[in-house]
Amino acid sequence: MATPRVLLGNFAGIPRLRVSKPGFDVTDPTLGGEQLVFDSARPEILSVLAASWQLSGTVSVETWSGDGVTFTRRFRTVTFATLPWEPICIGWARQINISGQVTYTQTPSCSYTDRCTFTVGSSSGVDTAYIIFANPLAQADSREADNGGNYNLLAGIHPSRGAGLFVPRRGADVLSCPDRDLRLTIERPSFQIAEAGAVWRASGAVTVNLAGSYPDFPPVIILASEDRGSAPSVSAGPTVAWINASTIQITITSSNAQAIQYIIPAYDPAYVHGPDTISTPRVLMDQTVGLAISQRNVDVRVASESQLLFRATRPMLNVNERKAVNNAGTAVISKTALATNPVGPPIAFFGAYRLGRWWSAAGGIDMQNAALGAPSSLPSPGAINYEMFATINQEKKLRAAWVAGNSTPNLRAAVVDHSATLLDDSALYTGPALAAESLYDDFSGATAGSAPPGWTRRFQAASGMAVVTNAVASALTGKAIRVTGGFGTPAATTYAEISFDAPGSAVADCDILAGVRMVNGPIVFPMEIMFRRSANATHQAAGLVCDVSGGVASGQRMWFGPTYDAAAGAADFAWTYDTWYWLRLNVKGSQRRMKVWPRGSAEPAFWGLAFVGPGSASGYVGLTQWGSTTTPYAYLDFFSVCTTGRPAWGPLP
């Protein structure tokens, strides 16, 4: 039976259109941003008002004074329909490099003036790409009403627009609203994400082999992440070169950036909408395809990927919330709690009101102004980066730092839904996994007092940890293995680990499911699940952190090396001693995700932790422990590995 993925009609008392990703039941009211492609009840879906991938023309020069300094800027100006607010904007400088490749530098120096002009900093001879969203930058749209009497949508004949599908913003009348208030329509493309991911930056440039092909060479939204222990920091500004239609090279000058998020829009700026010249089926809705809308004069039943204005497997983004801070000499947005709870650093559009105008950008702001005769004490204008913090109760907090001149700007942050900005779930099969596709051990064949068969000691055969099977009444089969005899501070030559023999020594992308239980004790790192571990590779593991202060254990971590903890600051899971939990770890390329939940309860739809990291392309999977103890504080009663792209099987819940 196919999973319902499209709902057009009344849902939870509200007329709405909902579209879910493959494998998710659209009628499930608990679905969140990672599972939904579109929901018309979302308050502010990012809707493109105007865009261009290649804007050339006269370069203008502007000079003005501020902070006692004269500034000059080179820019191009484009005009669009007047809005009653300053919109969210992002821009790029576009040129052809010496190798003939199309390159983009994310230059978020987009200022919005007199309500109808959008400027992008640029030098002579450089084209410009930009996107202007029909969404407010500095405040929420005051017209966004609750889902009241005039909230509606139309699938049929519109009195002035003809036949099609028309979904307005909340509170708008679909029969009379202007173009800017339509969030989904057959008349113009939606801003959807064609592909998103994250890669580890090993040097100044990193090459990314994309899953899709993009012969139009669109601009790419880039965020560079840096782990700072308790706060993953995010900034913008790398250069992206298209090597070919399916390969990009990202170059960033910062020596601290470790992980790079990339987002490739599916929006086609060259498309010109208008009435069809022939009668053409353009909207397709069924439970296999989901929902698809084709370009004008293109039969949706035979449309190619590039001919679709909307497709149910491509996510749309929406502004979940905004934060506003008027700086008072501190030059930071302090740790401000978010109503949303992203698993990693979300994408954020920042705005700064300085020198008489709003400046807008994705991930950061760099006004690209050259100061003439500036005193040496004046910092370079521009540059916002932001950091994510987490507390033990899962509350996420945002801090933004602004490097400005002597004035303190008025700052705004529009936090965008996280679903496609860091780690995209679209390629992970979410239906029921077959036990035959998973390799697993429930230790029913192990002998109490001995190490389990089918597992091999690695890298420190003569000393270090001991693994012993125990009779544990609450375990799945009455048996569980425990780890004792830790080895103190880890080093590349002293790891003591055991590998699960069945998957072999060259496991790459995989999904791992483990059953774990902690026993009260004064330890710090009771259990780690090892993945992609080879004799010469950097140690990689994901585990639970035990903080016994106050008698409460908490935490989840990922390790990519002896000195690097990518999940610092993400201790957002509290668990109870002597209780069995499921731990699921998913490894895909450089992406790592993990979730932990009590046995007997439903598996969470969201990942509790997500990040990217370095390491070997393949290796062993298994178990290790970091810490020195002879007391069995951690038990494992189930271990399953799947390498087919499906979740590892287990006797859930």
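> Is there a simple way to think about the sheet that holds strand β3 (residues 36–39) in this case?
The pairing of strands in a sheet comes from backbone hydrogen bonds and takes either a parallel or an antiparallel form. With antiparallel pairing, the three strands of this open sheet are ordered in space as β1-β2-β3. Strands at the two margins of the open sheet, each flanked by one partner only, are β1 (6–11) and β3. The average angle at which neighbouring strand axes cross in this sheet is 20 degrees, direction not considered. Bridging between strand β2 (residues 14–20) and β3 involves three bridges; their strand directions are antiparallel. Looking at β3, one finds that Ser-20 is bridged to Leu-36.

> Before we go on, may I ask you to explain the sheet that holds strand β22 (residues 283–286) in this structure?
Spatially, three strands are ordered β22-β23-β24 in an open sheet, and the strand pairing comes out antiparallel. Taken across any chain shown, the strands that pair with only one partner, and hence form the sheet edges, are β22 and β24 (308–311). Going from strand to strand, the sheet's axes swing by 10 degrees on average, the running direction of each strand aside. As paired strands, strand β23 (residues 290–294) and β24 are joined by three bridges and run antiparallel to one another. From the neighbouring strand, Ala-292 faces β24, where its bridge partner is Arg-311.

> I would appreciate a short explanation of the side chain of Arg-188 in the present structure.
Mapped onto the elements, Arg-188 comes out in the loop between β14 (182–185) and β15 (193–200). No salt bridge is formed by the buried Arg-188. Its closest oppositely charged neighbour is Asp-179, at 5.1 Å. At a separation of 3.0 Å, a polar atom in the side chain of Arg-188 contacts the side chain of Ser-47. Of the polar contacts made by the side chain of Arg-188, one reaches the backbone oxygen of Asp-179; its length is 2.9 Å. With residues near it in sequence (within four places) discarded, Arg-188 still touches Ser-47, Val-48, Asp-179, Arg-180, Leu-182, His-273 and Leu-309.

Criteria and cut-off values
- Residues numbered from 1 in each chain as written.
- Predicted model: local features only at pLDDT ≥ 70, side-chain atom pairs only at ≥ 80, totals over all residues.
- Heavy atoms only, no water.
- Pairing = 2+ DSSP bridges.
- Helix = DSSP H or I, 4+ residues; strand = E, 2+ residues; numbered from the N terminus.
- Axes fitted to C-alpha atoms, helices over the stretch in contact; angles between N-to-C directions.
- Buried < 20%, exposed > 50% of the residue type's maximum accessible area, 1.4 Å probe, protein only.
- Lys, Arg positive; Asp, Glu negative; His and termini not counted.
- Salt bridge = Lys/Arg side-chain N within 4 Å of Asp/Glu carboxyl O.
- Polar contact = N/O pair within 3.5 Å; in protein donor to acceptor, adjacent residues only side chain to side chain.
- Contact = heavy atoms within 4.5 Å.

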